[in-house]
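The residues making up each chain are set out below.
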Amino acid sequence: MSFLNRKVRGFRLIDVVALGVLVAIILSVYLAKTMAGKERAEIASVEKQIDAEKARIRLLQAEVAHLEQPARIETLSTTHLGMAPLQAKHETTIDKLSEIAIGKQKP
């Protein structure tokens with residue numbers, strides 16, 4: 001009588017071993033599927049966070065664009081700092097810059 005044909009409580013030993021291997025395979029597949037589901041849920045969560053951050057970036061870019069508008073900056077500088085646009089008589093040429101830096105201005 002061979003080792004694999006030996007009977008244990010009415011079943012051949014090969015049948016018992018095959019059943020054990022089958023149960024082990026079923027459990028391993030179930031565990032792999034469960035872990036993959038958890039990974040999928042985590043990936044979905046991270047993707048939602050990425051989408052939320054992208055929306056926040058777009059909002060901040062729009063806010064920066066609003067804050068950098070020249071008309072708004074001009075209004076604020078005039079209102080709060082008392083600044084005014086440069087008049088044409090205060091403009092100079094490159095040649096006169098050295099004289100202005102020294103403090104000599106020609107009339």
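Starting from 1, residues in each chain are numbered consecutively following that chain's sequence as written. Given that this is a predicted model, residues contribute local features only at a pLDDT of at least 70 and side-chain atom pairs are listed and counted only at 80 or more, while totals for whole chains, interfaces and linings are drawn from all residues. Hydrogen atoms and water are omitted, and side-chain values are computed over all heavy atoms in the structure.

A. Quick peek at the overall build of the protein. For the protein, the count of helices and strands is three helices and two strands. Element order for the protein, N to C, with α for helix and β for strand: β-β-α-α-α. With C-alpha atoms as the basis for the radius of gyration, the globule rule is written as 2.2 Å multiplied by the number of residues raised to the power 0.38. A compact globule built from 107 residues should have a C-alpha radius of gyration of about 13 Å, whereas the protein, at 40 Å, is more than 25% larger. Dimensions of the protein, computed from the C-alpha atoms along their principal axes, are close to 125 × 30 × 15 Å. Only protein chains enter the calculation, and the probe is 1.4 Å; a residue is then buried if its accessible area is under 20% of its type maximum, exposed if over 50%, and partly exposed in between. A total of 107 residues make up the protein; the buried ones form 2% of that total. Computed with a 1.4 Å probe, the accessible areas rest on the Shrake-Rupley method; for each residue, only the protein chains presented here act as cover. On the protein, roughly 10,100 Å² of surface is accessible, and the fraction owed to carbon and sulfur atoms is 64%. Of the charged side chains in the protein, 16 are positive and 12 negative; the average position of the first set lies 15 Å away from that of the second. Helix and strand definitions here come from DSSP, where helices need a minimum of 4 consecutive H or I residues and strands a minimum of 2 consecutive E residues; each element is numbered from the N-terminal end. When charges are counted, neither His nor the chain ends are considered; positive counts come from Lys and Arg and negative counts from Asp and Glu. The atom standing in for a charge is NZ when the residue is Lys, CZ when it is Arg, CG when it is Asp and CD when it is Glu.

B. Examining the environment of serine 28 more closely. Note on placement: serine 28 falls in helix H1 (residues 13-67). Residue serine 28 is classed as partly exposed on the basis of its relative accessible area, which comes to 41%. For the pair serine 28 and serine 77, spaced 49 residues apart in sequence, the C-alpha to C-alpha distance is 70 Å.

C. Structural view of the pattern of salt bridges. The working definition used for a salt bridge is a side-chain nitrogen of Lys or Arg within 4 Å of a carboxyl oxygen of Asp or Glu. Enumeration over the complete set of coordinates arrives at one salt bridge. Put simply, arginine 12 and aspartate 15 hold a salt bridge, and the shortest N to O gap is 3.7 Å. According to the relative accessible area criterion, arginine 12 is partly exposed, its value standing at 37%. Its relative accessible area of 37% is what places aspartate 15 among the partly exposed residues.

D. Region of interest: the confidence of the model for the protein. Chain-level pLDDT for the protein is 87 on average; 92% of the residues reach the 70-or-more range. What pLDDT conveys is the predictor's confidence in a given residue, as a value from 0 to 100. Taken element by element, the predicted model of the protein shows its lowest mean pLDDT in strand S1 (residues 7-8) (70) and its highest in H1 (95).

E. The arrangement of the side chain of serine 77 in detail. Within the secondary structure layout, serine 77 lies in helix H2 (residues 70-81). On the basis of relative accessible area, serine 77 is assigned to the buried category, the value being 16%. For this analysis, a polar contact is any N or O atom pair within 3.5 Å, provided that within protein one partner can donate a hydrogen and the other can accept it, and provided that sequence-adjacent residues contribute only side-chain to side-chain pairs. Within the local environment of serine 77, its side chain forms a polar contact with the backbone oxygen of glutamate 74, the two atoms lying 2.9 Å apart.

F. Examining H2 more closely. Given the number of residues in a helix, its expected span is that number minus one, multiplied by 1.5 Å. Between its first and last C-alpha, H2 extends 15 Å over 12 residues, near the 16 Å set by a 1.5 Å rise per residue. Once H2 finishes, glycine 82 follows within two positions and takes phi at roughly 70 degrees, a positive value.

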